[in-house]
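Topology and contacts: notes
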Amino acid sequence: MKLLVAVKRVIDFNVKPRVKMDGSGVDLANVKMSMNPFDEIAVEEAIRLKEKGVATEIVAVSIGPAKAQETLRTALAMGADRAILVQTDEEVEPLAVAKILAKIAEEEQPQMIILGKQAIDDDNNATGQMLAALLGWPQGTFASKVEASGDAVTVTREVDGGLETVKLKLPAVVTTDLRLNEPRYASLPNIMKAKSKPLAIKSPGDCGVDVARRLETLKVVEPAKRQAGIKVGSVDELVERLHGLGIAK
Amino acid sequence: MSVLVLIEHDGKSIKDATLATVTAASKLGEVHALVAGNNVGGVGDAAAKISGVAKVLVADAPHLDHDLAETVAPVAAKLMDGHDAFVAPATTFGKNIAPRVAALIDVMQISDILSVEGPDTFTRPIYAGNAIATVKSNDAKKVITVRTTGFDKAPPAGGCASIEQVDAGSSDGKSEFVSMEASESERPELTSAKVIVSGGRAFGSSDQFHSLLDPLADKLGAAVGASRAAVDAGYAPNDYQVGQTGKIVAPQVYIAIGISGAIQHLAGMKDSKTIVAINKDEEAPIFQVADIGLVGDLFKIVPELTEKL
């Protein structure tokens, strides 16, 4: 079966984001950018399904600026077979991303689309669910285990209060949670090989999708800071304080 | 303006997260509560009593058991013909269903709102809570998930809403519930606990994590949480995780033990009323947000604290 994985270029998760002085957003100039960590997990899961013989081809897709080619090359170096960049300098919202991915899914006819559950920049946690809705496919969100067999996939989901398992008829959308797997590092030979793997470039217009924003960002500010309080010197003092808070008898 | 609120329940009772969601929704307009499930008449009755709910819409059918997004979302989407906004808690339940509703009615969702600034303007955290964005929605209808720690809970009693049965739709049979492995605990639920004791990687092992924290939690009637490092190390199950990628909590007292205070973790607990930190490293970032700090060895402090409380 063919798999589609969606990857987004975002601020590296180790970088502390700085809010711009003018409140217009987060400063991304000269900041290290990487593949969204949840998407790395999606790529890894696709590769594992291929290694198990379940999948035959992995197509990585990204929607973003020209530099998102680097992100796609990373996916190719990890083990994806080919890549598609839908190039735009606009910030594309999850609904429009889902529409573009749905269009690509119509062309590519994958049996499964794997995406990160959320991007660590806008933290929306929406694209996978929206894509499933647009395609009329079932969805397995926040996956910590994915087992494909025959015409179905069994997904164990990380939900409040435990782990839920659902069985979905293929084709289906799966979104990844942190504990699904540990993504591999691309080896140097594979990074070299990835340079010659096919990478097609399209535009949102080619997909017939209007990417005009529905949400307007009026301002972006730093969260209110908490002030550091006092330090106590002993357990007895701490006990006294806790009594003062009325939480211990 | 009428607002459809998706009620989170377990088939018997309404989850606390819903009550804060009702408060957020009532800032937008008249609240209609949607109860979807199987044999949920009792839940519908309970929803009618929530203060601030004007009408309860019950969709009751076997295929609506287990909250599958594939069956619940179309029911909600259809009801949106007569509503201006759809609001769900930003729990795994709401996050699973709401975007599916949004796409079905061609609306861009506003995720995880912290406040309602106006009929179409909201604040929400981005970049793991490192920035707060004020966003304005230009969609005619709104689909919103609510960070429930940002709003007071609506009183679960005092209301007397009318109850109406609505079309429960059908199932296309593409998805089915297989099983639920619930984390067993007699302690309060993390997201609604008044007191939380939370442990980090410094505990060193699952045995030490539980043998030290559990008695303290029992003494305080507290829920037990964990940092992502502790969960990744296997000391605690994944649904203990407090942080941007885990649960967002805001108890009256949060006691962080052996937790350094990574941004990821702080994003999940910094709205707690009082933060207590116990850590052997006095430079640990957790002390920058703690109201009360104690520097020292948790293996000595925790047993002593448990005994003296």
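Being a predicted model, the structure only gives us computed values, none of them experimental.

Quick look at the overall build of chain A now. Looking only at helices and strands, chain A features 6 helices and 13 strands. With the C-alpha coordinates aligned to their principal axes, the bounding extent of chain A is approximately 65 × 45 × 40 Å. Counting the 249 residues in chain A, one finds 49% classified as buried. Considering only contacts within chain A whose residues lie at least 6 apart along the sequence, 69% involve residues at least 24 apart.

Contact pair helix α6 (residues 235-244) of chain A / helix α8 (residues 298-308) of chain B: the axes reach a minimum separation of 10 Å and the direction vectors enclose 50°. When the axes of α6(A) and α8(B) are compared, the pair comes out oblique. The two elements α6(A) and α8(B) cross, and the hand of that crossing is right-handed. Where α6(A) approaches α8(B), its residues V235(A), D236(A), L238(A) and V239(A) are matched on the opposing element by I301(B), E304(B), L305(B) and K308(B). Split by residue class, the contact of α6(A) with α8(B) holds 5 nonpolar, no polar and 3 charged.

Quick look at the interface of chain A and chain B now. Opposite the 63 residues of chain A that make contact, chain B presents 68 residues. Mapped onto the side of chain A that touches chain B, the elements with two or more residues apiece are α3 (94-108), α4 (127-135), β7 (139-149), β8 (152-159), β9 (162-169), β12 (215-221), β13 (230-232) and α6 of chain A. With 8 residues, the top contributor of residues to the side of chain A that touches chain B is β9(A). Looking at the side of chain A that touches chain B residue by residue, the classes come out as 33 nonpolar, 11 polar and 19 charged. The sheet contact formed by β13(A) and strand β16 (residues 292-295) of chain B spans 3 bridges and is parallel. Bridged to K231(A) within β16(B) is G293(B).

This part is about the domain arrangement of chain B. Residue and element names in this part refer to chain B. Here chain B is described as being made up of domain 1 (2-165) and domain 2 (190-308). Once you take the C-alpha centre of each, domain 1 and domain 2 turn out to be 31 Å apart. Facing the 7 residues of domain 1 at the interface are 10 residues of domain 2. Of the residues that constitute the side of domain 1 that touches domain 2, the class distribution is 2 nonpolar, 3 polar and 2 charged.

Of all residues in chain B, 100% attain a pLDDT of 70 or more, and the chain-wide mean is 94. Confidence estimates for the predicted assembly give a pTM of 0.91 and an ipTM of 0.94.

We now examine unusual backbone geometry. L170(A) connects to P171(A) through a cis peptide bond whose omega is 0°. Following the sequence through the fold, P171(A) ends up in the loop between β9 and β10 (172-176). Residue N39(B) is not a glycine yet carries a positive backbone phi of 60°. By the secondary structure assignment, N39(B) is in the loop between β2 (30-37) and α2 (41-49). Classification of N39(B) by C-beta neighbours within 10 Å gives partly exposed; the count is 13.

What follows covers α4(A). Of all the 9 residues making up α4(A), 8 are buried; the element is thus mostly covered by neighbouring parts of the structure. Of the positions making up α4(A), those classed as buried are T127(A), G128(A), Q129(A), M130(A), L131(A), A132(A), A133(A) and L134(A). Buried-residue contacts for α4(A) involve α3, β6 (112-116), β7 and β10 of chain A together with α3 (69-79) and α4 (92-104) of chain B. Phi turns positive one or two residues past the end of α4(A), at G136(A), with a value near 70°.

A separate point is the pairing of strand β4 (residues 57-64) of chain A. Residues and elements named next belong to chain A. The buried fraction of β4 is high, at 7 of 8 residues. Sheet topology note: the strand β1 (residues 2-6)/β4 ladder contains 5 bridges and is parallel. Each bridged residue has a counterpart across the sheet, and for L4 the counterpart in β4 is V59. The pairing of β4 with strand β5 (residues 82-87) spans 6 bridges and is classified as parallel. When the bridges of β5 are listed, V59 appears paired with R82.

Residue and element names in this part refer to chain B. The sheet built from 7 strands is open, its strands ordered β5-β9-β4-β1-β2-β3-β10 with parallel pairing. The open sheet terminates on both sides in strands that have one partner only, identified here as β5 (110-113) and β10 (162-165). The average angle at which neighbouring strand axes cross in this sheet is 25°, direction not considered. Pairing between strand β1 (residues 2-6) and β2: 5 bridges, direction parallel. If you follow L6 over to β2, its bridge partner there is L34. Relative to the sheet, helix α1 (residues 16-26) contacts β1, β2, β3 (53-60), β4 (85-89), β5 and β9 (142-146), its axis offset from that of β4 by approximately 150°. Contacts from α4 reach β1, β4 and β9 within the one sheet, and its direction differs from that of β4 by about 160°.

Looking now at the sheet that holds β10(A). The 10 strands lie next to each other as β11(A)-β5(A)-β4(A)-β1(A)-β6(A)-β10(A)-β7(A)-β8(A)-β9(A)-β11(B), forming an open sheet whose pairing is mixed. For this open sheet the edge positions go to β11 (199-202) of chain A together with β11 (175-182) of chain B, each flanked by a neighbour on one side alone. Across the sheet, the axes of successive neighbouring strands diverge by a mean angle of 25°, strand direction being ignored. Strand direction decides the pairing type here: β6(A) and β10(A), joined by 5 bridges, are parallel. Counted as the bridge partner of G116(A) is T176(A) from β10(A). Across the sheet, helix α2 (residues 68-78) of chain A touches β1, β4, β5 and β11 of chain A, and the angle it forms with β4(A) is around 165°.

About the criteria used
- Residues numbered from 1 in each chain as written.
- Chains lettered and ligands numbered in written order.
- Predicted model: local features only at pLDDT ≥ 70, side-chain atom pairs only at ≥ 80, totals over all residues.
- Helix = DSSP H or I, 4+ residues; strand = E, 2+ residues; numbered from the N terminus.
- Buried ≥ 20, exposed ≤ 12 C-beta atoms within 10 Å, placed from the backbone.
- Contact = placed C-beta atoms within 7 Å.
- Axes fitted to C-alpha atoms, helices over the stretch in contact; angles between N-to-C directions.
- Parallel < 35°, antiparallel > 145°, perpendicular 65-115°, else oblique.
- Left-handed = near helix turned anticlockwise from the far one by under 90°.
- Nonpolar A, V, L, I, M, F, W, Y, C, P; charged D, E, K, R; others polar.
- Pairing = 2+ DSSP bridges.
- Domains from an automatic or database assignment.
- pLDDT = per-residue confidence, 0-100.

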